[in-house]
Structures are given as structure tokens and as C-alpha cells.
Amino acid sequence: MSRAQLTRTGILRMALGGGGADPLLPAEGGGDQRAPFLLRALRIAVVVCLYWFTSIAMVFLNKYLLDSPSLRLDAPLFVTFFQCALTAALCLGLSLGAACGPPCAGLPTLRLDPKVSRSVLPLSAVFIGMVTSNNLCLKHVGVAFYNVGRSLTTVFNVLLSYLLLKQTTSLYALLACGVIIGGFWLGVDQEGAEGTLSWTGIFFGILASLCVSLNAIYTKKVLPVVDGSIWRLTFYNNINACVLFFPLMVLLGEFRTLYHFDKLGSPSFWGMMTLGGVFGFAIGYVTGLQIKFTSPLTHNVSGTAKACAQTVLAVIYFEETKSFLWWTSNLMVLGGSFAYTWVKGLEMRKVQEDPNIKSSERNETGV
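Here the residue numbers are simple positions, counted from 1 along each chain's written sequence. Predicted model: local features are reported for residues with pLDDT of at least 70 only, side-chain atom pairs are reported and counted for 80 or more only, and whole-chain, interface and lining totals are derived from all residues. Think of the side-chain values as coming from all heavy atoms in the structure, minus any hydrogens and water.

Enquirer: Even after reading the chapter, I still don't get the overall build of the protein chain, so can you show me in this structure?
Expert: Numbering of helices and strands starts at the N terminus; helices are DSSP runs of H or I of at least 4 residues and strands are runs of E of at least 2. On a plain count of helices and strands, the protein chain comes out with 14 helices and 0 strands. Relative accessibility under 20% of the residue-type maximum defines a buried residue, over 50% an exposed one, and the middle range a partly exposed one, all with a 1.4 Å probe and only protein chains included. Looking at the protein chain residue by residue over its 367 residues, the buried ones come to 50%. For the protein chain, restricting intrachain contacts to residue pairs at least 6 apart in sequence, the fraction spanning at least 24 positions comes to 82%. Here the accessible surface of atoms and residues is derived via Shrake-Rupley with a 1.4 Å probe, and residues count as covered only by protein chains that are part of the display. With the model as given, the accessible surface of the protein chain reaches about 17,300 Å², and the carbon-plus-sulfur share is 67%. We call two residues in contact whenever any of their non-hydrogen atoms come within 4.5 Å of each other.

Here is the structure:
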């Protein structure tokens with residue numbers, strides 16, 4: 001979930017693991033297990049395709065909004081602010097629709113409580129760092145390199161788990177992290193050799209990876225404040241983010257940039273902005289669907305395959321030519337991510353099957 005990009009994937013994953021049932025998602029176990037095999041297979045295929053389409057479309061839309069030569073809008077914080085505001089509005093709209101019956105009947109009522117908002121504020125600060133650094137990384141690097149540029153999330157997960165939670169990681173998982181680091185550095189080297197390297201993009205990619213890891217940790221700590229409700233957490237998080245973005249936009253002069261922006265009154269521009277915000281909101285929902293209909297392990301594997309497809313599509317769409325070593329760096333990152341997911345999945349299964357393992361060790365393996 002570097003395939004975080006969301007960014008919202010880490011939040012939703014924590015909620016699915018530790019919070020209450022999500023009223024917009026099907027029941028645990030992928031729905032009706034008595035359904036015919038072909039019907040269940042078709043459901044899974046549709047959900048996976050929906051996840052792939054939403055995630056890839058979101059990246060390409062954000063790239064257009066952040067760095068399109070035809071748009072020429074140098075206001076990345078405003079783009080992120082608008083998406084956060086739209087997400088908060090959609091959460092509120094779904095809550096108001098709770099009286100309309102299924103599927104909204106189980107949604108919690110949302111109201112702004114200043115005390116809860118203050119409790120969520122530390123997470124909101126990390127959340128702002130996550131979404132902003134993700135978008136700034138995408139602004140300064142190509143879509144094809146975007147996956148490699150922010151590929152160190154898994155490495156930071158292991159590092160922060162040890163530094164903050166005192167949890168160790170197995171040798172095989174550490175070897176997988178080593179492959180990811182090697183792929184990252186090889187990718188940076190090849191981008192430099194091709195003359196397309198942006199150290200600004202690399203910096204924000206590393207920062208995004210760190211913030212995604214911190215976001216998962218803080219989410220787990222803050223969820224009890226909102227009674228384990230992912231919708232309340234998303235609402236408060238994005239409301240706080242909107243407030244915090246204002247002084248940042250003033251400090252960086254983005255309001256002046258918007259004042260001189262020649263397409264500010266263009267319906268097509270606002271249509272693309274709205275579409276990008278809707279996709280940003282939808283990625284959390286379709287991620288939850290994929291996890292529910294398959295499993296967390298399958299979701300991570302699907303995310304790795306999606307990243308590969310996204311890279312290939314970007315190279316084709318932008319008509320880029322990449323070297324063998326550049327492709328090797330991508331394969332190392334994807335292979336290392338897949339290997340880490342597979343190793344942690346096997347370890348988790350072993351823990352669940354062994355009744356003699358202590359609960360603390362269960363939690364340690366499951367992080």
C-alpha cells in the first residue's frame with residue numbers, strides 16, 4: 001500500500017483489522033460463500049478490475065492536474081486541499097443519506113466535535129504530510145517511475161516497527177526489504193543516466209514512504225477515539241487537513257497563483273478536479289471491497305501487479321524508452337514487495353495455526 005496512494009488504503013486496512021464492520025462493504029468472507037464458484041469468481045474479477053481501474057486512473061488524473069503542460073497549474077497544495085474537501089463532503093453526504101435505506105442505512109451520523117477533532121489532529125498532520133508528499137513526488141517524477149520513487153514504505157514499516165514498537169522482523173522479510181532498497185537505488189541511478197532524475201521528486205518519494213508508515217501507526221492509535229469508525233476518522237481527518245492547508249497555501253503563495261490562473265473559470269478544469277477527488281475518495285472503498293472479497297494477502301499481491309501494469313501503461317502512453325537496467329529496478333522493487341508480502345503471509349498463517357504462540361507474538365508477526 002505504498003500502494004497507499006493513497007493514501008487511504010493504510011487507514012482502511014487498519015480499520016478492517018481493528019474496527020467495526022463497514023456498512024458499505026459486504027460481510028466478511030467475500031459475501032455469500034454458498035454462491036456458485038463461477039459467480040464468486042466473477043465477483044472477484046469485477047472487484048479486482050474496479051480496484052485497478054480506480055487506482056491507475058487516479059494516478060494519471062493527478063499527474064495531469066499537478067504537472068500538465070497544457071494546464072500549467074503550479075498549486076499542488078490546492079489540488080490536494082480540494083480533494084480533501086471533496087472527500088469530507090462525500091462522507092457527510094453519505095451520512096445524510098443514511099435515512100434513505102440500503103446501502104447507506106448503517107452509516108454513522110457525522111457531526112463535528114471539536115474535542116474529537118483535536119484528538120485526531122496528530123494523525124491529520126501525518127496525513128497532510130502523506131498526501132502532500134505523494135502528490136509532490138508525482139509532480140516531479142514521471143508516472144512510470146512513481147512506483148519506484150515511493151517504494152520504501154515496506155522498509156519504513158520494518159524500521160518503525162522496531163524503533164517505536166520494539167518488534168523484530170524475520171531474516172527472509174529483511175532480505176525482501178534489501179531487494180526493494182537495491183531496486184530503488186538502481187532506479188535512481190538509471191533515471192540519472194537517462195537525464196530524467198529529479199532529486200526533489202526522490203526526496204518527496206522517500207518522505208511519502210515514511211509518512212505512509214507513520215499514518216498506519218497513528219491510525220491504529222486514533223481509531224478508538226472515533227469508536228473504530230473508518231468513516232468518522234476519514235471525515236475528521238479531511239476536515240482537519242482542510243483547515244491546516246490554508247496557512248500552508250498562504251505561505252507558499254498558491255492563492256496568488258490561483259488568482260493569475262487562466263483556467264480558473266473553466267468547467268473542464270473543475271470537472272477534472274472533481275473527477276480526481278471522486279477517484280481519491282473511491283480508492284478507499286474499492287480497496288475495502290478487494291480485501292473483503294479476497295484477502296489482505298491477495299490484495300497486496302494485486303496491488304503489486306497493478307503497479308507493474310501502471311508502469312507499463314505509463315511508458316506506452318508517454319512514449320518513453322527505458323533501458324534494461326531501468327526495467328530491472330522496477331522488477332526488483334515489485335519482486336521484493338511481493339516476496340515480503342508472501343513471507344509475512346506465511347508467518348501470519350503459522351502464528352494462527354499454532355495455539356502455543358503468545359498473543360504478543362501474534363501481534364508482532366501481524367504488523
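Enquirer: What's the story with the nonpolar core in this structure? I'm lost.
Expert: Generally speaking, a soluble globular protein has its nonpolar side chains buried in company with each other. What makes a nonpolar core is a set of buried Ala, Val, Leu, Ile, Met, Phe, Trp, Tyr and Cys residues whose side-chain atoms join them at distances within 4.5 Å. Within the largest apolar cluster, 54 residues are counted, with the highest numbers of intra-cluster contacts made by Leu73, Phe78, Phe145, Phe245 and Met273. Aside from chain neighbours lying at most four places away, what touches Phe145 is Gly187, Val188, Glu191, Ile202 and Trp326. Judged by nonpolar contacts, the second largest core, of 15 residues, contains Val222, Val226, Tyr236 and Phe281.

Enquirer: I would appreciate a short explanation of the UniProt feature "transmembrane region" (unreviewed entry) in the protein chain in the present structure.
Expert: UniProt positions are given in the numbering used here, feature names are shortened, and annotations may be inferred rather than shown by experiment. As annotated in UniProt, the feature "transmembrane region" (unreviewed entry) corresponds to residues 44–65, 77–99, 120–138, 144–164, 171–188, 200–218, 230–249 and 269–289 in the numbering used here. When the span residues 171–188 is considered, its composition is 100% helix and 0% strand, and the gap between its end C-alpha atoms is 26 Å.

Enquirer: Can you walk me through the pattern of salt bridges in this structure?
Expert: If the charged atoms of two oppositely charged side chains come close together, the side chains can form a pair. When a carboxyl oxygen of Asp or Glu is within 4 Å of a side-chain nitrogen of Lys or Arg, the pair counts as a salt bridge. Overall, the coordinates contain 8 salt bridges when judged by the stated rule. Notably, a salt bridge pairs Asp262 with Lys263, separated by 3.8 Å at the nearest N-O pair. Looking at Asp262, the relative accessible area reads 55%, which means it is exposed. Each of Glu191, Glu194, Glu320 and Lys322 takes part in a single network of salt bridges with overlapping partners.

Enquirer: In this structure, what is going on with the packing of helix α2 (residues 37–67) against helix α3 (residues 76–96)? I would like to understand it.
Expert: A pair of packed helices is captured by two measures, namely the crossing angle of their axes and the spacing between those axes. Inter-axis angles, ranging from 0 to 180 degrees, are taken between N-to-C directions of lines fitted to C-alpha atoms, where helices are fitted over the stretch in contact. The geometry of α2 relative to α3 is characterised by a closest axis approach of 9 Å and an angle of 140° between their N-to-C directions. Taken as axis vectors, α2 and α3 run oblique relative to one another. Seen from above, α2 lies across α3 with right-handed handedness. Between α2, through Asn62, Leu65 and Leu66, and α3, the contact on the second element is made entirely by Pro76, Val79 and Gln83. In this count, Pro and Cys sit with the nonpolar residues alongside Ala, Val, Leu, Ile, Met, Phe, Trp and Tyr, while Asp, Glu, Lys and Arg are called charged and the others, Gly among them, polar. A breakdown of the residues in the contact of α2 with α3 according to their chemical character gives 4 nonpolar, 2 polar and no charged. To sort the angles, those under 35 degrees are grouped as roughly parallel, those over 145 as roughly antiparallel, those from 65 to 115 as roughly perpendicular, and the leftovers as oblique. With the far helix as reference, a near helix turned anticlockwise by less than a right angle produces a left-handed crossing, and one turned clockwise produces a right-handed crossing.

Enquirer: Would you mind showing me how to read the confidence of the model for the protein chain here?
Expert: Note: pLDDT gives the predictor's confidence per residue, expressed from 0 to 100. Per-residue confidence for the protein chain gives a mean pLDDT of 82; residues scoring 70 or more make up 83%. The least confident element of the protein chain, judged by mean pLDDT, is helix α1 (residues 8–18) at 40; the most confident is helix α7 (residues 171–193) at 94. Per-residue pLDDT stays below 50 along residues 1–32; that stretch engages in 92 contacts with residues further than four places along the chain or on separate chains. Low pLDDT (under 50) marks residues 359–367, which in the prediction has 18 contacts with non-local residues, meaning those over four places away or in another chain.

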